[in-house]
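# Geometric and topological summary
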Amino acid sequence: MALDTPTRERIESLLGQHDVVLFMKGTRQQPMCGFSAAAINTLNDVIPTYHTVNVLEDPEIREGIKEFGQWPTIPQLYVKGELVGGSDIIRQMYTSGELYTLFGAPAPDRTPPEITITEKAAEAIRGGMANAQGMALHLEIGPDHSAGFQLAPAGDHDIVTVASGIEVHFDPGSAARAKGIVIDWVSTVQGEGLSLKFPGAVEIGALSVQELKAKLDAGDVVLVDTRPAQSRAMVAPIDGARILENEGYEALAQLPKDTPIAFICNVGASSRAAAERFAAHGFTQVFNVEGGMDAWMREVGA
């Protein structure tokens, strides 16, 4: 479709007002797709401020920006009026160091981090990689200490460290945040899996739903519901719970670090991951509600 003049002028005005503009789905605080979230996490590691445009709120801009730069997908990064590219190109420039150069930022520290992988975790990783010829184990740790493993080809600019005989590949930001971590294999009521512990992070306390109710009745805990909107529509949040999806990590992270804070999801898995992020950020009284809302509805009631 042809780009109409009013939309072109609006885009040109945005690019003229801001040196760095990311056209994305959602906002910097709440990206609404994985590619936009990846772009945000990458840019946050390199520059402190930039302008974002939520194309979901502006259908003309959403379609017009694709025609403007002849780039078919969202997100799109523009610097000083010039198209840089989408999420993949942003990522490639980040790992190579080109993104730092583009913004005049100091080059990242590429020192491989010292990490620990327990024997149980190492055994599980080796088993998982047994049939993954040609693949490398990548660990990405976001600015909010969210972490994810994936098997993917090794990159030319990966930062690589070895622990317990296992190579782990990092991007620059993840490598810096990985210093001193312990990767373990844990068993919980939700199942088994890899777990990361950051230096200085407190242990996550386990709360039964009965213990949670007692703390809520006494006003002794802040409860955070980590479930997505679809789950909350099926089972309403507990009265007084704060909604992670609505408030975002940044807002909740402004609470005093000694605030007792409990996390709840459907069964206790994703809430534990959220609890680990807050523990990594220095919160000293962090709890996960075992069994989640399923247990709450079964044992406590609405």
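For the structure itself, consult the block above.
## Things to note about the layout of surface pockets
Approximately 1,000 Å³ is the volume found for the largest pocket. Lining the largest pocket we find 35 residues, and of these Asn-41, Asp-144, Ser-146, Tyr-249 and Arg-277 sit closest to its centre. Only α2 (34-46), β7 (147-152), α10 (244-252) and α11 (270-280) provide two or more residues apiece to the lining of the largest pocket. It is α10 that provides the largest number of residues to the lining of the largest pocket, a total of seven residues. Its residues assigned to classes, the lining of the largest pocket shows 15 nonpolar, eleven polar and nine charged.

## Brief notes about empty space enclosed by the protein
Within this structure, the stated rule accounts for one cavity of 30 Å³ or more. Space inside the largest cavity adds up to approximately 60 Å³. Together, 13 residues line the largest cavity, and Asn-41, Asp-45, Arg-91, Glu-140 and Arg-177 are the ones closest to its centre. If you list the elements that add at least two residues to the lining of the largest cavity, you get α2, α4 (87-96), β6 (136-141) and α7 (172-177). Ranked by the residues each element gives to the lining of the largest cavity, the list is headed by α2, at four residues. Classifying every residue of the lining of the largest cavity gives four nonpolar, four polar and five charged.

## Considerations on the nonpolar core
The biggest cluster of nonpolar side chains holds 34 residues, and the ones touching the most others in it are Ile-115, Ile-117 and Ile-181. Only α6 (119-128), β6, β8 (159-163), β9 (166-170), α10, β15 (261-264) and α11 provide two or more residues apiece to this core. Examining the composition of this core, we find that five residues originate from one element, α11, more than from any other. Membership of the second largest hydrophobic core comes to 19 residues, among which are Val-20, Leu-22, Ile-90 and Tyr-94.

Parameters at a glance
Residues numbered from 1 in each chain as written. Predicted model: local features only at pLDDT ≥ 70, side-chain atom pairs only at ≥ 80, totals over all residues. Heavy atoms only, no water. 1 Å grid on protein atoms, 1.4 Å probe; cavity = no way out; pocket = protein on both sides within 12 Å on 5 of 7 lines; lining within 4 Å. Points joined across faces, edges and corners; volume = space filled by probe spheres on them. Helix = DSSP H or I, 4+ residues; strand = E, 2+ residues; numbered from the N terminus. Nonpolar A, V, L, I, M, F, W, Y, C, P; charged D, E, K, R; others polar. Core = buried A, V, L, I, M, F, W, Y, C linked by side-chain atoms within 4.5 Å. Buried < 20%, exposed > 50% of the residue type's maximum accessible area, 1.4 Å probe, protein only.

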